[in-house]
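These are the residues of each chain, in order.
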Amino acid sequence: MKILLKNLTKTYPPRTRKESPVTAVDNFDFEIPDGKLVALLGPSGCGKSTVLNMICGLLEPTSGSIFFGDDDVTDLPPEHRGVGMVFQNYALYPHLTVQQNITFPLENIPKSRRPGKEEMKAKALEVAKLVQIDQLMERKPKEMSGGQQQRVAIARALVKRPGVLLLDEPLSNLDARLRLQTREEIRRIQRETGITTIFVTHDQEEAMSISDMIVVMKEGVLQQIGRPQEVYDCPANLFVAKFLGTPPINVLEGSVREGMLYLGEDPVLKVKGAADQDVIVGIRPEGFIPVPEGESTEGAMKCTLKALEVMGRDVSVVSSHPAAQTETIRSIIRAEDKVDEGLRTVAFRLRPGKVFLFRKETEERLMFEAE
């Protein structure tokens, strides 16, 4: 089912006369294609869960509209929207078995449309097999791991065959290994069911690894929409560039003069088409190519070497530069590109496609042609 959000806004009134109204979601406007898994990504407090709660009907928008397909559901009660919701804390009933937890939504369907007991049991078993917990149907939540409880919560959301599946930070209570396994399961389940799914997370690695599209938010405002790799490779502004990527992007102060990018007084990259101005420079960790020892370092970025961290197939070069906004710069290079740990200074050529320029005033992306 396609979901369309048109000028969606949620503003909370001030609690006291001295306070101002708080806008949690500001003029949100985008379309979620049918059958896709979309991640709402942003830091805590950016409004992503508020968007989710308005889609499912738990919150009423201050203004704007929500469409499921061609139907305006803005004023429709949650129980009539055909939505499945998975909460961060699982929200399972501790005194019920897995089977009873899964069938609970079916038991609350109006009597005229409610399935019989055997049909309920069959539906529960069907979704339990889908999430691979069919062997746990008689257990209670306290007898299961966090990952198993999360699967029960997903099965309960799926048993009514919703048109839309909403996941609110579903992996945040799991350890690292379980988080990896469960996100792979969520992607598998979404592909097998074809249900339009919205996944709320503050973890950019989660969002990029399983989603068809990501929606980056900041302070209630939509920053960028696109495929994960497209957003990573072409960030719309400095916030998006900094929020995506592990290790994070390196940020430096620079200037453009006559089509050349300078870091301090050193020219490091030709940036054709960029007007002369002071800029903020973002360089992805994989955007550095070390200059071999003995080769000319003219036009290269020169950094003070601090440490080398061997990571198997890659090496992380930790260095510093006077123009950097942080104490260290982290460069990821291939293990075969040797860097002498005894050197005081290391020089890098820059990969143009991994270098971004941003306007100092607005922090919006400044486009240029690399040569």
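From a predicted model like this one, the values you see are computed outputs, not experimental measurements.

Rules used in this analysis
All residue numbers here refer to positions counted from 1 along the written sequence of the relevant chain. A pLDDT threshold of at least 70 governs which residues receive local features in this predicted model, and a stricter bar of 80 or more applies before side-chain atom pairs are shown or counted, although totals over entire chains, interfaces and linings include all residues. Side-chain figures throughout are based on the complete set of non-hydrogen atoms in the structure, without hydrogens or water. Strands are runs of DSSP state E lasting at least two residues, helices are runs of H or I lasting at least four, and both sets are numbered from the N terminus onward. Burial classes: relative accessible area under 20% of the type maximum marks a residue as buried, over 50% as exposed, and values in between as partly exposed (1.4 Å probe, protein chains only). Only heavy atoms enter the contact rule, under which two residues are in contact if any of them lie within 4.5 Å. Each accessible area is a Shrake-Rupley result for a 1.4 Å probe, and residues are judged covered by the shown protein chains and nothing else. In this charge count, Lys and Arg are treated as positive and Asp and Glu as negative; neither His nor the chain ends contribute. Taken as the charge location is NZ of Lys, CZ of Arg, CG of Asp or CD of Glu. What goes into a patch is any residue over 30% in relative accessible area without a salt bridge, connected to like charges within 9 Å or, for nonpolar side chains (Val, Leu, Ile, Met, Phe, Trp, Tyr), within 5 Å. The salt bridge criterion pairs a side-chain nitrogen of Lys or Arg with a carboxyl oxygen of Asp or Glu, the two atoms within 4 Å. Note on ring pairs: Phe, Tyr and Trp rings are taken, using the six-membered ring of Trp, and paired if centres are within 6.5 Å. Classes follow the plane angle, with under 30 degrees stacked, over 60 edge-to-face and the rest tilted. As used in this structure description, the phrase polar contact means that two N or O atoms lie within 3.5 Å; if the pair is within protein, one of them must be able to donate a hydrogen and the other to accept it, and residues adjacent in sequence are counted only when both atoms belong to side chains. Two strands pair if DSSP finds at least two bridges between them. Only the contacting stretch of a helix is used when fitting its axis, a line to C-alpha atoms as for every element, and angles between N-to-C directions run 0 to 180 degrees.

A. Representation of the overall build of the chain in the model. Helix and strand counts for the chain come out as eight helices and 22 strands. Its C-alpha atoms give the chain principal-axis dimensions of roughly 80 × 50 × 40 Å. The burial tally for the chain puts 48% of its 371 residues in the buried class. For the chain, contacts bridging at least 24 residues in sequence account for 65% of all contacts bridging at least 6. For the chain, the exposed surface amounts to about 18,700 Å²; the carbon and sulfur share of it is 47%. Computed over 49 positive and 53 negative side-chain charges, the separation of the two mean positions in the chain equals 6 Å.

B. Layout of a negative patch on the surface. A surface patch of negative charge is lined by Glu60, Asp70, Asp71, Asp72 and Asp75. With respect to the element layout, aspartate 71 can be found in strand 5 (residues 71-72).

C. The arrangement of the packing of aromatic side chains in detail. Considering all chains together, one arrives at five aromatic pairs under this definition. Seen from their ring centres, phenylalanine 28 and phenylalanine 30 are 5.2 Å apart, and the 85° between their planes marks the pair as edge-to-face. With respect to burial, phenylalanine 28 and phenylalanine 30 carry one shared label: buried. Ring geometry for tyrosine 93 and phenylalanine 104: centres 4.7 Å apart, planes at 45°, overall tilted.

D. Fine view of unusual backbone geometry. Here the bond from threonine 246 into proline 247 is cis, since omega is -5°, no more than 30 degrees from zero. Within the fold, proline 247 resides in the loop between helix 8 (238-243) and strand 11 (250-257). You will see that asparagine 27, though not glycine, has its phi angle at about 55°, which is positive. Mapped onto the elements, asparagine 27 comes out in strand 2 (residues 22-32).

E. Structural view of the side chain of arginine 81. Mapped onto the fold, arginine 81 is located in the loop between strand 5 and strand 6 (83-86). For the buried residue arginine 81, which engages in no salt bridge, the nearest side chain bearing the opposite charge is aspartate 75, 6.6 Å off. Among the polar contacts listed, one links the side chain of arginine 81 to the backbone oxygen of leucine 76, at a separation of 2.8 Å. Non-local contacts of arginine 81, meaning those with residues more than four positions away in its chain, are made with Met54, Ile55, Cys56, Gly57, Ile66, Phe68, Val73, Thr74, Asp75 and Leu76.

F. Local environment of the sheet that holds strand 5. One open sheet holds the four strands; their spatial order is 2-1-4-5, and the pairing between them is antiparallel. Each edge of the open sheet is held by one strand with a lone partner, namely strand 2 and strand 5. With seven bridges connecting them, strand 1 (residues 3-12) and strand 2 associate as antiparallel partners. Bridged to leucine 4 within strand 2 is glutamate 31. Together, strand 1, strand 2 and strand 4 (63-68) form the strand contacts of helix 1 (residues 48-56), whose direction differs from that of strand 1 by roughly 115°.

That is the geometry; function is a separate question.
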